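As a plain string of letters, each chain reads:
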Amino acid sequence: MASSKKPLVIVTRKLPDSIETRMMELFDTRLNVEDRPLTQAELAEAVKAADVLVPTVTDRIDTGVLAQANPNLRLIASFGTGVDHIDLAAARARGITVTNTPGVLTEDTADMTMALILAVPRRLLEGANALRENEWAGWSPTWMLGKRIWGKRLGIIGMGRIGQAVARRAKAFGLSIHYHNRNRVAPQVEEELEATYWESLDQMLARMDIISINCPHTPATYHLLSARRLDLINPGAYIVNTSRGEVIDENALTRKLRKKELAGAGLDVFEHEPAVNPKLLELQNVVLLPHMGSATLEGRIDMGEKVLINIKTFVDGHAPPDRVIANLL
């Protein structure tokens, strides 16, 4: 795509100021300064004009949108790690390269995962709310008792970068590390983390005290934690999800939480975002966050810099470093 003319880059959401400034310097750029989510019709209009589209994980770039893309659209440089919002097969069929921003959010997401692993068993949100609502009458030996996490078994679903970062944090808190992954990790990683591998997800789920979901959302992981699998989990166990809401059957999870067939859950993502199951909002044994696992200024700037590098490399006629290859997901 090497050309002396600046490509038209359309950005679908507000990005950090430093990233937008650099993008304006490098390219012919249209920004979304109001940070208003675009409708499907507006996304279709964007691909009719753009040489490069910069969407985020909230933008559904499906077959209908891509069918209206102009012939000059050759790159979708997504601002985010996950690409389940993009129809990769349709993009490939139209000769459109897709890139993402992997690796820069590992520590931020792992921090949030560990925060939820602590917050749910120790009832931190309930305690904070009790203070705000003037329900605390002073220290008591039996009030607001939670569960100790030291010595408990943590089952990690997805032992990639984020899963391993979670394991390192959890090990420091005295948790016993177990994991299920599509492929077993290197022996030196298992040794470092003192991690136990389970080939069978069903068998691991039945034996864990806390379960952390850290795998991507793909067709293979949709409702990976189905109603059947949720039934395998110990009623005293907790579930934490900072990955994608679609990995859990949210209705089945909500039913089990309401019936106290699970001890609790910490959820940063939801199956039908931004909508949240109203029955989840009624529960006391959950901590619910608005998809903020990666929400650090440093992380967002790092993501933006990756987007800039991917676009500049592609425009200069080279293969972008973060090209997404569908069959490797």
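Residues numbered from 1 in each chain as written. Predicted model: local features only at pLDDT ≥ 70, side-chain atom pairs only at ≥ 80, totals over all residues. Heavy atoms only, no water.

The name that an unreviewed UniProt entry assigns to the protein chain is 2-hydroxyacid dehydrogenase, with the source organism given as Marinibaculum pumilum. Entered under Sequence similarities (unreviewed entry) in the UniProt record, the comment concerning the protein chain runs "Belongs to the D-isomer specific 2-hydroxyacid dehydrogenase family." (UniProt positions renumbered as here; feature names shortened; annotations may be inferred.)

Note that side chains of opposite charge can pair when their charged atoms are close. Counted according to the given criterion, the structure contains 20 salt bridges. Arg184 is the salt-bridge partner of Glu190, the closest N and O atoms lying 2.7 Å from each other. Relative accessible area serves as the criterion here: at 12%, Glu190 is assigned to the buried category. Lys256 is the partner of Asp231 in a salt bridge, and the nearest nitrogen-oxygen pair spans 3.0 Å. Of this pair, Asp231 sits in the loop between helix 10 (227–230) and strand 10 (238–241) while Lys256 sits in helix 11 (residues 250–258); the two residues are 25 residues apart in sequence, bridging distant segments of the chain. (Salt bridge = Lys/Arg side-chain N within 4 Å of Asp/Glu carboxyl O. Buried < 20%, exposed > 50% of the residue type's maximum accessible area, 1.4 Å probe, protein only. Helix = DSSP H or I, 4+ residues; strand = E, 2+ residues; numbered from the N terminus.)

Turning our attention to the sheet that holds strand 3 (residues 52–54). In a beta sheet, neighbouring strands are held together by backbone hydrogen bonds and run either parallel or antiparallel to one another. The strand order 2-1-3-4-5 describes an open sheet built from 5 strands, whose pairing is parallel. Each edge of the open sheet is held by one strand with a lone partner, namely strand 2 (28–30) and strand 5 (97–99). Averaged over all neighbouring strand pairs, the angle between strand axes comes to 15°, with direction disregarded. Note: strand 1 (residues 8–11) against strand 3, 3 bridges, orientation parallel. Bridging across to strand 3, Val9 finds its partner in Val52. Relative to strand 4 (residues 75–77), helix 13 (residues 297–315) is tilted by about 165°, and along the sheet it contacts strand 1, strand 3, strand 4 and strand 5. (Pairing = 2+ DSSP bridges. Axes fitted to C-alpha atoms, helices over the stretch in contact; angles between N-to-C directions. Contact = heavy atoms within 4.5 Å.)

Attention now goes to the sheet that holds strand 9 (residues 210–213). Strand order in this open sheet of 7 strands is 8-7-6-9-10-11-12, and the pairing throughout is parallel. Since the sheet does not close on itself, it has two edges, and those belong to strand 8 (196–197) and strand 12 (286–288), each with one partner. As paired strands, strand 6 (residues 153–157) and strand 7 (residues 176–180) are joined by 5 bridges and run parallel to one another. When the sheet's bridge partners are listed, Leu154 is paired in strand 7 with Ile177. Its contacts with the sheet put helix 7 (residues 161–172) on strand 6, strand 7 and strand 9, and the angle it makes with strand 6 is roughly 170°.

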